[in-house]
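# Structural features, examined
Each chain is listed here by its residues.
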Amino acid sequence: MTQRQIENVIETTLIEKKINDPNYIRYSFYEINIKYPKEYGILKKDLGMFLQQLRKRLKDEDYHIYTEGQKFEYDNAKRVVESNEILVAIKH
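Residues numbered from 1 in each chain as written. Predicted model: local features only at pLDDT ≥ 70, side-chain atom pairs only at ≥ 80, totals over all residues. Heavy atoms only, no water.

## Structural notes on the sheet that holds strand β1 (residues 24-28)
Cut-off, in case you're wondering: Pairing between two strands is assigned when DSSP locates at least 2 bridges connecting them. Secondary structure counts use DSSP, requiring at least four H or I residues in a row for a helix and at least two E residues in a row for a strand, with both numbered from the N terminus. The angle between two axes is taken between their N-to-C directions and runs from 0 to 180 degrees, where each axis is a line fitted to C-alpha atoms and a helix contributes only its stretch in contact. Here, two residues are considered to be in contact whenever any of their heavy atoms come within 4.5 Å of each other.
In space, the three strands of this open sheet follow the order β1-β5-β2, with antiparallel pairing throughout. Across the chains shown, the open sheet's two edge strands, defined by having one partner strand only, are β1 and β2 (63-66). Between one strand axis and the next, the sheet turns by 15 degrees as a mean value, whatever way the strands run. As paired elements, β1 and strand β5 (residues 85-91) share five bridges and run antiparallel to each other. Paired with Ser 28 across the two strands is Glu 85, which belongs to β5. The strands touched by helix α2 (residues 29-40) within the sheet are β1 and β5, with β1 carrying the most contacts at an inclination of about 55 degrees.

See the structure below:
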(Lines give C-alpha, C1' and ligand atoms only; values in the text may rest on other atoms or scores of the structure.)
Protein backbone atom coordinates (compact mmCIF):
# COMPACT_ATOMS: atom_id res chain seq x y z
CA MET A 1 0.00 0.00 0.00
CA THR A 2 1.08 3.55 -0.54
CA GLN A 3 1.42 6.01 2.31
CA ARG A 4 -1.66 7.85 1.01
CA GLN A 5 -3.75 4.64 1.03
CA ILE A 6 -2.70 3.96 4.60
CA GLU A 7 -3.61 7.53 5.57
CA ASN A 8 -7.05 6.98 4.02
CA VAL A 9 -7.59 3.83 6.11
CA ILE A 10 -6.54 5.72 9.24
CA GLU A 11 -8.91 8.58 8.39
CA THR A 12 -11.81 6.18 7.77
CA THR A 13 -11.28 4.14 10.93
CA LEU A 14 -10.75 7.20 13.14
CA ILE A 15 -13.96 8.79 11.92
CA GLU A 16 -15.88 5.62 12.87
CA LYS A 17 -14.25 5.47 16.29
CA LYS A 18 -14.69 9.18 17.05
CA ILE A 19 -18.42 8.90 16.33
CA ASN A 20 -18.65 6.40 19.21
CA ASP A 21 -16.44 8.39 21.60
CA PRO A 22 -14.09 11.18 20.49
CA ASN A 23 -12.18 11.02 23.79
CA TYR A 24 -11.47 7.27 23.82
CA ILE A 25 -10.01 5.51 20.77
CA ARG A 26 -9.34 1.76 20.89
CA TYR A 27 -7.77 -0.45 18.23
CA SER A 28 -8.02 -4.17 18.91
CA PHE A 29 -5.71 -6.97 17.86
CA TYR A 30 -8.55 -8.33 15.73
CA GLU A 31 -9.07 -5.06 13.86
CA ILE A 32 -5.38 -4.51 13.10
CA ASN A 33 -4.50 -8.09 12.17
CA ILE A 34 -7.70 -9.46 10.62
CA LYS A 35 -10.48 -6.96 9.94
CA TYR A 36 -8.55 -4.10 8.32
CA PRO A 37 -6.30 -6.31 6.18
CA LYS A 38 -9.44 -8.02 4.88
CA GLU A 39 -11.55 -4.85 4.40
CA TYR A 40 -8.85 -2.47 3.19
CA GLY A 41 -6.22 -4.78 1.74
CA ILE A 42 -3.53 -3.85 4.27
CA LEU A 43 -0.66 -6.26 3.79
CA LYS A 44 1.23 -7.68 6.75
CA LYS A 45 4.29 -5.66 5.70
CA ASP A 46 2.20 -2.46 5.86
CA LEU A 47 0.96 -2.95 9.44
CA GLY A 48 4.05 -1.34 10.96
CA MET A 49 3.63 1.75 8.79
CA PHE A 50 -0.09 1.84 9.59
CA LEU A 51 0.57 1.80 13.34
CA GLN A 52 3.39 4.35 13.08
CA GLN A 53 1.22 6.78 11.11
CA LEU A 54 -1.75 6.14 13.41
CA ARG A 55 0.34 6.98 16.50
CA LYS A 56 1.67 10.14 14.87
CA ARG A 57 -1.82 11.23 13.86
CA LEU A 58 -3.23 10.64 17.34
CA LYS A 59 -0.33 12.48 19.02
CA ASP A 60 -0.84 15.40 16.62
CA GLU A 61 -4.51 15.46 17.68
CA ASP A 62 -3.46 15.66 21.36
CA TYR A 63 -4.15 12.08 22.47
CA HIS A 64 -2.16 10.13 25.05
CA ILE A 65 -1.32 6.73 23.58
CA TYR A 66 -1.14 3.50 25.58
CA THR A 67 -0.11 0.04 24.45
CA GLU A 68 -0.42 -3.47 25.90
CA GLY A 69 0.16 -3.66 29.63
CA GLN A 70 0.23 0.09 30.23
CA LYS A 71 -2.03 1.57 32.89
CA PHE A 72 -4.24 4.58 32.32
CA GLU A 73 -7.20 6.32 33.84
CA TYR A 74 -10.39 7.07 31.95
CA ASP A 75 -13.88 7.96 33.06
CA ASN A 76 -12.83 7.89 36.74
CA ALA A 77 -11.62 4.29 36.46
CA LYS A 78 -8.13 2.82 36.45
CA ARG A 79 -7.59 0.51 33.49
CA VAL A 80 -4.88 -1.52 31.78
CA VAL A 81 -4.45 -2.04 28.05
CA GLU A 82 -5.33 -5.72 27.62
CA SER A 83 -3.48 -8.27 25.47
CA ASN A 84 -6.26 -8.18 22.86
CA GLU A 85 -5.76 -4.42 22.39
CA ILE A 86 -3.03 -2.94 20.21
CA LEU A 87 -3.55 0.69 21.12
CA VAL A 88 -5.73 2.87 23.33
CA ALA A 89 -5.71 6.64 22.94
CA ILE A 90 -7.21 9.11 25.41
CA LYS A 91 -7.84 12.76 24.54
CA HIS A 92 -6.05 15.24 26.88
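## Topic: the pattern of salt bridges
Worth spelling out the cut-off: Here a salt bridge means any side-chain nitrogen of Lys or Arg lying within 4 Å of a carboxyl oxygen belonging to Asp or Glu. A 1.4 Å probe rolled over the protein chains alone gives each residue an accessible area, and that area as a share of the maximum for its type sets the label: buried under 20%, exposed over 50%, partly exposed in between.
Tallying each qualifying case throughout the model produces eight salt bridges. Measuring nitrogen to oxygen at the nearest pair gives 2.9 Å for the salt bridge that ties Glu 7 to Arg 4. With Glu 7 and Arg 4 both in helix α1 (residues 3-20) and three residues apart, this pair spans about one turn of that helix. Take Glu 7: its relative accessible area is 28%, and that puts it in the partly exposed class. With relative accessibility at 53%, the residue Arg 4 sits in the exposed group.

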